[in-house]
Amino acid sequence: MGFIDVIKERAKNNKKTIVLPETGDRRTLEAASKILAEGIANLILVGNKDAIAKEADGLDLSAATIIDPSQTDKLQTYIDLLVEVRKSKGMTPEQAKELLTKDYLYFGVTMVKAGDADGMVAGAVNSTANVLRPSLQILKTAPGTKLVSAFFVIVVPNCEFGADGTFIFSDSGLVQNPNSEELAAIAGSSAKSFETLVGKEPIVAMLSHSTKGSAAHADVDKVVEATRIAKELYPNVKIDGEFQLDAAIVPSVGASKAPGSDIAGKANVLVFPDLDAGNIGYKLAQRLAKAEAYGPITQGIARPVNDLSRGCSADDIVGVIAITAVQASIK
Ligand SMILES: CC(C)(COP(=O)(O)OP(=O)(O)OC[C@H]1O[C@@H](n2cnc3c(N)ncnc32)[C@H](O)[C@@H]1OP(=O)(O)O)[C@@H](O)C(=O)NCCC(=O)NCCS
Ligand SMILES: CC(=O)OP(=O)(O)O
């Protein structure tokens, strides 16, 4: 079985409830009907029943629960909860009501906060910033985590590199210009995510345009320092750098550019130096190598809320919903 088939089986064996706020999007509704048909998760669709029925023409969504924010008898509970969580930022009941009834992303995240859903998936229509901001504001970070970051699981067909073509690319979605400490934290979180989702030992490469001192620049220094911090913070995780991409994943290039490194040429977790590199890198793998690309998956939020690219397909959404359900089942 491939990566996503294993994830779907795991999700089916411990069924969770995922809320989908982007119900005006046909791909999201197609994904919802597939998730329900395969029994991967229970689904809550946020929106007006008639509008959803119109958009879902020809799809079977009869097993989904539809909740209209302006009709639900839970609205006052959610207003109180949102005011409580954001009172230090000056949130009033009027503002909370406006947000919850007008912005379904806030409604979905508040449902997760209230425990009425186990996770949320959106981003087929909304930008990453708009999807992730409410979850950072309302759910906050998981215990022991300061920095939330986001990765893609990339599955490259017919590929001998990584874990039989499966990689984590990090951060490809959230932290725009991480410093060395943040890069090290991204490396640690990504190693853990690889272990829990892919089920194999993570081998982490800190990527750069330099391999072991072959180039000199402040950008290289940042990655060298991040590698030092990551090795110190996570002594039991296989981490090394700084590596160019070829030295990180191709055994022969790793051996010639970084002799002596037991990570070079074997990496399956790729930590990019900034979001430009991470976001461009995942899209290159997806579009030119025809890789499956699931994400951006967040790590470090108290409960799972995951994003999508606006360029996603219905099958990408199915994959991210299944991953979200698996994350929700991990204690
Ligand atoms: C996600 C993003 C909007 C958050 O940025 P922001 O401008 O700091 O947003 P806000 O200032 O409103 O922060 C919201 C809250 O989240 C917290 N926060 C922001 N980033 C965080 C992070 N990485 N980890 C933990 N908490 C974070 C802030 O501290 C703030 O908390 P508070 O409101 O309780 O004080 C921003 O990092 C971003 O735009 N990233 C790039 C997304 C993108 O375009 N990706 C490319 C396509 S995938
Ligand atoms: C992840 C990502 O790049 O999202 P979008 O394509 O929607 O900007």
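Residues numbered from 1 in each chain as written. Chains lettered and ligands numbered in written order. Predicted model: local features only at pLDDT ≥ 70, side-chain atom pairs only at ≥ 80, totals over all residues. Heavy atoms only, no water.

Taking an unreviewed UniProt entry as the reference, the protein chain is identified by name as Phosphate acetyltransferase belonging to Variimorphobacter saccharofermentans. The protein chain has a UniProt comment under Sequence similarities (unreviewed entry) that states "Belongs to the phosphate acetyltransferase and butyryltransferase family." Recorded under Catalytic activity (unreviewed entry), the UniProt text for the protein chain is reproduced unchanged: "acetyl-CoA + phosphate = acetyl phosphate + CoA". (UniProt positions renumbered as here; feature names shortened; annotations may be inferred.)

## Quick look at helix 12 (residues 275-288)
The terminal C-alpha atoms of helix 12, which comprises 14 residues, lie 19 Å apart, in line with the 20 Å expected from a rise of 1.5 Å per residue. Of all the residues in helix 12, the buried ones are Leu-275, Gly-278, Gly-281, Tyr-282, Ala-285 and Gln-286. Along helix 12, the residues classed as buried sweep out an arc of 140° about the axis, all on the same side. Facing away from the buried side of helix 12, by more than 90 degrees, are the exposed residues Asp-276, Ile-280 and Leu-288. The inward-facing, buried residues of helix 12 abut strand 5 (149-155), strand 6 (166-170), strand 10 (292-299) and helix 13 (314-329). Put simply, Asp-274 is the residue that caps the front of helix 12, since its side-chain oxygen is 3.1 Å from the backbone nitrogen of Asp-276. Lys-290 sits one or two residues past helix 12 and shows a positive phi near 55°. (Helix = DSSP H or I, 4+ residues; strand = E, 2+ residues; numbered from the N terminus. Expected span 1.5 Å × (residues − 1). Buried < 20%, exposed > 50% of the residue type's maximum accessible area, 1.4 Å probe, protein only. Arc of directions from axis to C-beta. Contact = heavy atoms within 4.5 Å. Polar contact = N/O pair within 3.5 Å; in protein donor to acceptor, adjacent residues only side chain to side chain.)

## Focus: the sheet that holds strand 2 (residues 42-46)
Taken together, five strands build an open sheet; the order of strands is 3-2-1-4-11 and the sheet is parallel. Whereas interior strands pair on both sides, the edge strands pair on one side only; in this sheet they are strand 3 (65-67) and strand 11 (305-306). Note that strand 1 (residues 17-20) and strand 4 (residues 119-121) share two bridges and pair parallel. Paired with Ile-18 across the strands is Gly-119, a residue of strand 4. The strands touched by helix 13 within the sheet are strand 1, strand 2, strand 4 and strand 11, with strand 4 carrying the most contacts at an inclination of about 165°. (Pairing = 2+ DSSP bridges. Axes fitted to C-alpha atoms, helices over the stretch in contact; angles between N-to-C directions.)

## Quick look at a positive patch on the surface
A cluster of basic residues, Lys-89, Lys-113, Lys-140 and Arg-303, forms a positive patch on the protein surface. Tracing the chain through its elements places Lys-113 in helix 6 (residues 104-114). (Patch = residues over 30% accessible without salt bridge, like charges linked within 9 Å, V, L, I, M, F, W, Y side chains within 5 Å. Areas by Shrake-Rupley, 256 points an atom, 1.4 Å probe, with all protein chains shown as cover. Salt bridge = Lys/Arg side-chain N within 4 Å of Asp/Glu carboxyl O. Lys, Arg positive; Asp, Glu negative; His and termini not counted. Charge placed at Lys NZ, Arg CZ, Asp CG, Glu CD.)

## Quick look at the site of ligand 2
Near ligand 2 the following residues occur: Thr-128, Phe-152, Asn-279, Tyr-282, Lys-283, Pro-296, Ser-309 and Arg-310. At 2.9 Å from an oxygen atom of ligand 2 is found a side-chain nitrogen or oxygen belonging to Lys-283. Arg-310 places a side-chain nitrogen or oxygen 2.7 Å from an oxygen atom of ligand 2. Surface burial for ligand 2 is 86%, taken as the share of its 260 Å² of free accessible area covered by protein chains. Looking at which element gives the most residues to the shell around ligand 2, the answer is helix 12, with three residues. Among the residues forming the shell around ligand 2, the class breakdown is three nonpolar, three polar and two charged. (Near = heavy atom within 4 Å. Nonpolar A, V, L, I, M, F, W, Y, C, P; charged D, E, K, R; others polar.)

## A look at helix 6
Buried residues dominate helix 6, accounting for eight of its eleven residues. Of the residues making up helix 6, those classed as buried are Leu-105, Tyr-106, Phe-107, Gly-108, Val-109, Thr-110, Met-111 and Val-112. Where helix 6 starts, the residue carrying a side-chain oxygen 2.9 Å from the main-chain nitrogen of Leu-105 turns out to be Asp-103. Just downstream of helix 6, Gly-115 is the residue with a positive phi angle, here 85°.

## Quick notes on the confidence of the model for the protein chain
For the protein chain, mean pLDDT is 97; residues scoring 70 or higher make up 100% of the total. Among the scores for the predicted complex, ipTM is 0.96 and pTM is 0.97. (pLDDT = per-residue confidence, 0-100.)

## Considerations on unusual backbone geometry
Generally, phi is negative for residues other than glycine and the peptide bonds are trans, each holding for most cases. Between Ser-170 and Asp-171 the backbone carries a cis peptide bond, its omega angle lying at -25°. Inspection of the secondary structure puts Asp-171 in the loop between strand 6 and helix 8 (180-198). The amide bond that connects Gly-241 to the next residue, Glu-242, takes the cis arrangement and shows omega of -10°. Relative to the helices and strands, Glu-242 resides in strand 8 (residues 238-243). In the Ramachandran plot, Asp-164 falls in the positive-phi region, its phi being about 50° despite a non-glycine side chain. Assignment of secondary structure puts Asp-164 in the loop between strand 5 and strand 6. The phi angle at Lys-290 is positive, at roughly 55°, despite the residue not being glycine. Within the element layout of this structure, Lys-290 appears in the loop between helix 12 and strand 10.

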